[in-house]
Structures are given as structure tokens and as C-alpha cells.
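Observations on the three-dimensional arrangement
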Amino acid sequence: MVEHDLAKVGVASSNLVSRSILLFFFLLSSLFSNEILIDKVYCIEQNILNASFFGYKGKDDFQVLTIPKDRAHYTIPSSQVISIFSDKNISVIDSSEGVIVFKRNCNMMGKQVEITNAFLKKIQEESPYIIIETMPIISIKSSLPSDFSRYTLTAISIPETRLKKNTGSFMGIFKIGDKEKKIYFYYTLDAKIEVFKAKHNLLNGKILSSDDYEKVSISLEGLPSRALLGEIPRNVMIKSYIKEGSIFTDSMLETKKDLSKKETIKALLQEGGLRIEVQATLLEDANIGEVVKIKTEQGKTLNAKIVSYKEAIILE
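Computed from a predicted model, the values in this text were never measured in an experiment. (Residues numbered from 1 in each chain as written. Predicted model: local features only at pLDDT ≥ 70, side-chain atom pairs only at ≥ 80, totals over all residues. Heavy atoms only, no water.)

Here three strands make up an open sheet; going across it, the order is β2-β7-β5 and the pairing mixed. In this open sheet, the two edge strands, each paired with only one partner strand, are β2 (41-44) and β5 (73-77). Direction aside, neighbouring strands of the sheet carry axes that sit 20° apart on average. Pairing analysis gives four bridges linking β2 to strand β7 (residues 99-104), with the strands arranged parallel. In the sheet register, I44 faces β7, and the bridge partner there is R104. The sheet contacts of helix α2 (residues 78-86) involve β5 and β7, and relative to β5 the element is tilted by about 65°. (Pairing = 2+ DSSP bridges. Helix = DSSP H or I, 4+ residues; strand = E, 2+ residues; numbered from the N terminus. Axes fitted to C-alpha atoms, helices over the stretch in contact; angles between N-to-C directions. Contact = heavy atoms within 4.5 Å.)

Below is the structure:
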């Protein structure tokens, strides 16, 4: 009889444990079902954003934010959204890095690809040395016209200063009928640019050789003012001391001319059928083909055109 009663107690205890386990998993699943993830960027069409917009799956939906109707690009701190959910005991995973961006017309009424491609083409035309790593992210600055799908893109304009930054804005010029409209866009660009970097310390006055530098790619944000791009001209001389690892700029280098000031040159004077040859000294640096001042052995200062490394023609 006692054993039978103990068996009943054992079964009751077992049932109680089972119910407790079930209750635990129910509460656990309820907890995770109320957990939401906050992203960094959202594309929106509506003005009022409810909890379900952010992934909340609870029975009672509620309003979280109101986005101003005239704002195509709206930014808030993520703490503003988190606090609203926290007040309702809803857990939040924040992957926004502290700032949430809401954008309207992400597809730009079907013109996003066209505008993006036109923007990339313009960048390559204006700065062919830029290396695009990934497709840019483009968004509008203000609300698009309701009939924007009827607009025709005719040109893209990017300020020159913006071509040296990974983020900025540009203008699109559109036509509808016989009217022209300017619309402004934001962009984020993952890009690099090729520059020249000194392989070792370079003293001023040195003629630059290919062993003195290397071509490297850097972020647009790290591009120095007046950085030398494209190609290094021939006969380049170090204008001021360059430290190893420095990126070449226009101010560091100067082009060495074919002939230097104070060099002696043969100057020819043609008078009718008479050809007179005198020795002269250059009074300034000169390239072949340039007209410069020379001084003859007799002390006369004349204009002469440099025709070779050794000769000049005296001009009347």
C-alpha cells in the first residue's frame, strides 16, 4: 500500500517536472519571438512605421515612428527606436551602429540602374584614375516628383571637389516635355585611386628615376591635395626633400628643362646670305623650341629660339 502511494507521488512529481519544462520552453520561445533586429538602412514608402515594420510578430501592433512626408532621407539615433521597444519589454539587437537611415523611393521609380550607371560613367570621365570597388549606393536628397517615371535623364554633374571623396552629392539634369529639372542625389562610393609613393628618402635636386617610386592604390579619403595622378612627366626633378613613403604632389616635383640657365650655347645670326656664329650664355632655363634671353660674349642681351641642345637662332 505504501509502495503504491509512493508510485503515485513519483508520477505526480514527474508530471510536475514535465509541465515545468514545457512552461520554461514556452516562456523562452515567447521571449525570442519578441526579439527584433534593428538595421542601419530602411527603404520606406509609408509615413507611419509600426512595430511590425521592424519585424515585431506580437499580437498587438503599435506605432513606433512618424517620418516627415517631405523628407526623402531621414536619420535618427537608434536609441530612439530601442527605447520604444524596451518600454514594452521587447528585446532589440542593434546592428545599426547607433544611427538608422530611412530612405524613400529607393528604386527611384524604376530609374535607379540608369542613374547609377550614368553616375559611374561621369566619374570615369572626370577622374579616370579612380578604381571603383563596388557599385555605389545612391539615394535622393528630396522627394521625387509624382510623375518622375516620365522624366528623361540628360546629364550628370559632379562637383570637382566631390571626386576626391567617398561620400557626397551630385546633380541629375532631367527633361520632361520642353522643361528641364535639376534633382540632387546622395552617393556612397567604395573606391580607390592610384598614386605615386616614394620608395626611399629623396633629396632636393635629384633627377627622379623609376627606381625612386612605386604606384599604389589608396582610399579617396586619403588622397592628399594636389596629388600627382596618371603619369610622371619626363625629366622630373625633386623640388623639396621627400620622405620615404610620402605620396607625390605637384609641389614636391618640378620638370627639369632641356637646358639650364648659364649654359653656353652656339647662337646663329642670319643676315641675308651672311651667317654669323657667336658663343652665348643662357639667361634662363629653356626647352627646345622656346624663345629665351641669351647674352653674347660681347655683352649683348638678345632673344633667341632654342633649336637643339647646342644651338639657338638669334631673333631680330
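It is worth spelling out the environment of I247 at this point. Along the chain, the position of I247 falls in the loop between β15 (236-238) and β16 (253-255). Taking the C-alpha atoms as reference, I247 lies 9.3 Å from V216; in sequence the two are 31 residues apart. Beyond its immediate chain neighbours, meaning those up to four positions away, I247 contacts V195, F196, K197, I218, P224 and M252.

So, on to the pattern of salt bridges. Side chains that carry opposite charge are capable of pairing whenever their charged atoms lie near each other. In this structure the tally under the stated criterion is eight salt bridges. Taking the shortest distance from any N to any O, the salt bridge between D212 and K206 comes out at 2.7 Å. By relative accessible area, K206 is classed as partly exposed at 32%. Note that E277 and K266 form a salt bridge whose closest N and O atoms lie 3.9 Å from each other. Placement of the pair is E277 in strand β18 (residues 274-282) and K266 in strand β17 (residues 264-271), with a sequence separation of eleven residues. The partly exposed category is assigned to K266, whose relative accessible area is 25%. Through salt bridges with shared partners, a single ionic network connects K266, E277 and E311. (Salt bridge = Lys/Arg side-chain N within 4 Å of Asp/Glu carboxyl O. Buried < 20%, exposed > 50% of the residue type's maximum accessible area, 1.4 Å probe, protein only.)

Model confidence for the protein chain is summarised by a mean pLDDT of 83, while 89% of its residues fall at 70 or above. Element-level pLDDT for the protein chain is lowest in helix α1 (residues 2-33), with a mean of 46, against a maximum mean of 95 in strand β10 (residues 152-157). Every residue in residues 6-14 is under pLDDT 50, and counting partners more than four places away or in other chains gives zero contacts. Contacts from residues 22-33, a stretch scored under 50 in pLDDT, to residues over four places away or in other chains number one contact. (pLDDT = per-residue confidence, 0-100.)

This paragraph deals with the state of the cysteines. Think of a disulfide as a covalent bridge from one cysteine sulfur atom to another cysteine sulfur atom. One pass over the full model with this rule turns up one disulfide. The disulfide partner of C43 is C106, and the S-S distance across this bridge is 1.9 Å. Given an S-S torsion of about -105°, the disulfide between C43 and C106 has left-handed geometry. Residue C43 is found in strand β2, and its partner C106 is found in the loop between β7 and α3 (112-126); the two are separated by 63 residues along the sequence. Accessibility expressed as a relative area gives 48% for C43, which makes it partly exposed. (Disulfide = S-S within 2.5 Å.)

Scanning the entire structure with this criterion turns up 17 aromatic pairs. Centre to centre, the rings of F54 and F102 are 6.5 Å apart; their planes meet at 85°, and the pair counts as edge-to-face. Taken together, the residues F54 in the loop between β3 (48-50) and β4 (63-66) and F102 in strand β7 connect sequence positions 48 residues apart. Arranged with centres 5.1 Å apart and planes meeting at 65°, the rings of F148 and F174 form a pair that is edge-to-face. (Phe/Tyr/Trp six-rings, centres within 6.5 Å; stacked < 30°, edge-to-face > 60°.)

Next up on the list: the environment of R234. Structurally, R234 can be placed in the loop between β14 (213-219) and β15. Looking at R234, the relative accessible area reads 58%, which means it is exposed. Between the C-alpha atoms of R234 and I207, which are 27 residues apart in sequence, the distance is 9.7 Å.

This brings us to the sheet that holds strand β21 (residues 311-314). Taken in spatial order, the five strands line up as β17-β18-β19-β20-β21 and close into a barrel, and their pairing is mixed. On average, adjacent strands in this sheet sit at an angle of 50° to one another, irrespective of strand direction.

This part is about α2. Taken residue by residue, α2 has S78, V81 and F85 as its buried positions. Projection of α2 onto a plane perpendicular to its axis shows the buried side chains occupying an angular sector of 70°, all on one side. On its buried side, α2 packs onto β1 (36-38), β4, β5, β6 (92-94) and β7. (Arc of directions from axis to C-beta.)

Each α-helix turn comprises 3.6 residues. Residues three or four places apart therefore point the same way. Compared with the 21 Å implied by 1.5 Å per residue over 15 residues, the 21 Å span of α3 between its first and last C-alpha is a close match. Contacts made by the buried residues of α3 are with β8 (130-132), β9 (137-140), β10, β11 (167-176) and β12 (179-188). (Expected span 1.5 Å × (residues − 1).)

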